[in-house]
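Notes for the structure review
Here is how the chains run, residue by residue.
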Amino acid sequence: MSWFLPPGVSTYAADIDRLYYIILVITGVVFILTEALLIYFLIRYRKRDGGRAEYSHGNTKAEVIWTAIPFVIVVALGLMSKGLWDEVKDPAHLPTDGYEIAVSARQFEWEARYPGSDGTLGTDADFTTVNRIHVPVNRPVVIHLTAEDVIHSFSVYDFRVKQDAVPGMTIRFWFEVTEPGEYELGCAELCGFGHYSMGGTVIVLSEPEFQAWEAERIALHEGSTRQVAAAQPDEEDQ
């Protein structure tokens, strides 16, 4: 079901959409009822010649009802969303077999850091890309999100992912994409004059394509590292 949202292409997108539409229907019904009552009262109690206003100090029963019903609805929605929130946001629910990528946000670009030939993120073997994040399809991806300057927000609507990046914090979240393709990455937090230009692309590849791309990037990184290492003695001699 996709009335207003783009089709979801992550494993938990359908659950998020379902909860969204439940809330949309409830708020829509409440809006229509309240507006209908407002119009009715405007007509029913409009000013008339010879009419006199009646003053009321309230109705305890009516107040209890219109307070209790929203309370029950809000609590029910909170309970319904608790499991989904934990699945998406709780660090304890991060996939243990996820492919890890460190994403750093700064004005006005996204830098992605991948584990290199040693398979460990955060070493000299890591390689980086800017504004183009490659991930494998049908495989959990765990993002280590940081911000270098101000608050940003990692947002891919097709994945139903939105996570703020806060300076001084590393926030982990995950997604698993179910359809290969290219998806728009945007910053959903006003982050400065160039906020409008802070865009990127998440490129979802099949597993063989991703492995080939990863091997190519590792080879390029190791080649450039060897060139730098070979040039260092000459610079010291100078």
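Residues numbered from 1 in each chain as written. Predicted model: local features only at pLDDT ≥ 70, side-chain atom pairs only at ≥ 80, totals over all residues. Heavy atoms only, no water.

This part covers the overall build of the protein chain. Scanning the protein chain from N- to C-terminus turns up three helices and 10 strands. When the helices and strands of the protein chain are read in sequence order from the N terminus, they spell out α-α-β-β-β-β-β-β-β-β-β-β-α. In terms of overall size, the protein chain is more extended than a compact globule, its C-alpha atoms giving a radius of gyration of 26 Å where 238 residues would be expected to give roughly 18 Å. Its C-alpha atoms give the protein chain principal-axis dimensions of roughly 105 × 35 × 30 Å. The long-range share in the protein chain, meaning contacts at least 24 apart out of those at least 6 apart in sequence, stands at 64%. Entry remark: accessible area of the protein chain is about 15,300 Å², with carbon and sulfur atoms responsible for 59%. One finds the centroid of the 18 positive side-chain charges in the protein chain at a distance of 19 Å from the centroid of its 34 negative side-chain charges. (Helix = DSSP H or I, 4+ residues; strand = E, 2+ residues; numbered from the N terminus. Rg over C-alpha atoms; globule rule 2.2 N^0.38 Å. Contact = heavy atoms within 4.5 Å. Areas by Shrake-Rupley, 256 points an atom, 1.4 Å probe, with all protein chains shown as cover. Lys, Arg positive; Asp, Glu negative; His and termini not counted. Charge placed at Lys NZ, Arg CZ, Asp CG, Glu CD.)

Two elements in contact, helix α1 (residues 13–44) and helix α2 (residues 60–89), have axes separated by 11 Å at closest approach and are oriented at 165°. One element, α1, and the other, α2, form an angle in the roughly antiparallel class. In the crossing of α1 with α2, the sense of the turn from one axis to the other is left-handed. From α1, Asp15, Ile16, Leu19, Ile22, Ile23 and Ile26 reach across to α2, where they touch Ile73, Leu77, Met80, Ser81, Leu84 and Glu87. Of the residues assigned to the contact of α1 with α2, the class counts are nine nonpolar, one polar and two charged. (Axes fitted to C-alpha atoms, helices over the stretch in contact; angles between N-to-C directions. Parallel < 35°, antiparallel > 145°, perpendicular 65-115°, else oblique. Left-handed = near helix turned anticlockwise from the far one by under 90°. Nonpolar A, V, L, I, M, F, W, Y, C, P; charged D, E, K, R; others polar.)

Within the element layout of this structure, Glu109 appears in strand β2 (residues 109–114). For Glu109, a relative accessible area of 24% corresponds to the partly exposed category. The spacing of Glu109 and Gly194 is 85 residues in sequence and 9.8 Å in space, taken between C-alpha atoms. Those residues in contact with Glu109, other than ones at most four positions away along the chain, are Ser104, Val130, Asn131 and Met198. (Buried < 20%, exposed > 50% of the residue type's maximum accessible area, 1.4 Å probe, protein only.)

This part covers the sheet that holds strand β10 (residues 199–205). Taken together, five strands build an open sheet; the order of strands is β4-β10-β9-β6-β7 and the sheet is mixed. Of all strands in the sheet, those bounded by a partner on one side alone are β4 (132–136) and β7 (161–165). When strand polarity is set aside, the average angle formed by the axes of neighbouring strands in this sheet is 25°. The pairing of strand β6 (residues 152–156) with β7 spans five bridges and is classified as antiparallel. Each residue of the ladder has a partner; that of His152, found in β7, is Ala165. (Pairing = 2+ DSSP bridges.)

Let's shift gears to the sheet that holds strand β8 (residues 171–175). The sheet built from five strands is open, its strands ordered β3-β2-β1-β5-β8 with mixed pairing. On the outer flanks of this sheet lie β3 (127–130) and β8, each paired with one strand and no other. Looking at each pair of strands side by side, their axes are set apart by 25° on average, direction ignored. Pairing analysis gives seven bridges linking strand β1 (residues 99–106) to strand β5 (residues 141–147), with the strands arranged parallel. Directly across from Ile101, in β5, lies its bridge partner Ile143.

In the segment running from Gln107 into Phe108, the intervening peptide bond is cis, with an omega of -5°. Following the sequence through the fold, Phe108 ends up in the loop between β1 and β2. One non-glycine residue with positive phi stands out, namely Asn131, at about 65°. Considering the arrangement of structural elements, one finds Asn131 in the loop between β3 and β4.

So, on to the pairing of β10. Within β10, six of the seven residues are buried, leaving the element largely enclosed by the surrounding structure. Note that β4 and β10 share five bridges and pair parallel. Within β10, the position partnered with Ile133 by the bridge is Val202. Where strand β9 (residues 181–187) meets β10, six bridges bridge the pair, whose relative direction is antiparallel. Of the residues in β10, the one forming a bridge with Glu182 is Ile203.

This part takes up the packing of aromatic side chains. Considering all chains together, one arrives at 15 aromatic pairs under this definition. Taken together, a centroid distance of 5.0 Å and an interplanar angle of 5° make the contact between Tyr114 and Phe127 stacked. Placement of the pair is Tyr114 in strand β2 and Phe127 in strand β3, with a sequence separation of 13 residues. Looking at Phe127, the relative accessible area reads 2%, which means it is buried. Relative to Phe175, the ring of Phe173 has its centre 6.5 Å away and its plane inclined at 40°; by these criteria the two rings are tilted. Each member of the pair Phe173 and Phe175 is classed as buried. Among the aromatic residues, those joined into a cluster by ring pairs are Trp110, Phe154, Phe159, Phe173, Phe175 and Tyr183. (Phe/Tyr/Trp six-rings, centres within 6.5 Å; stacked < 30°, edge-to-face > 60°.)

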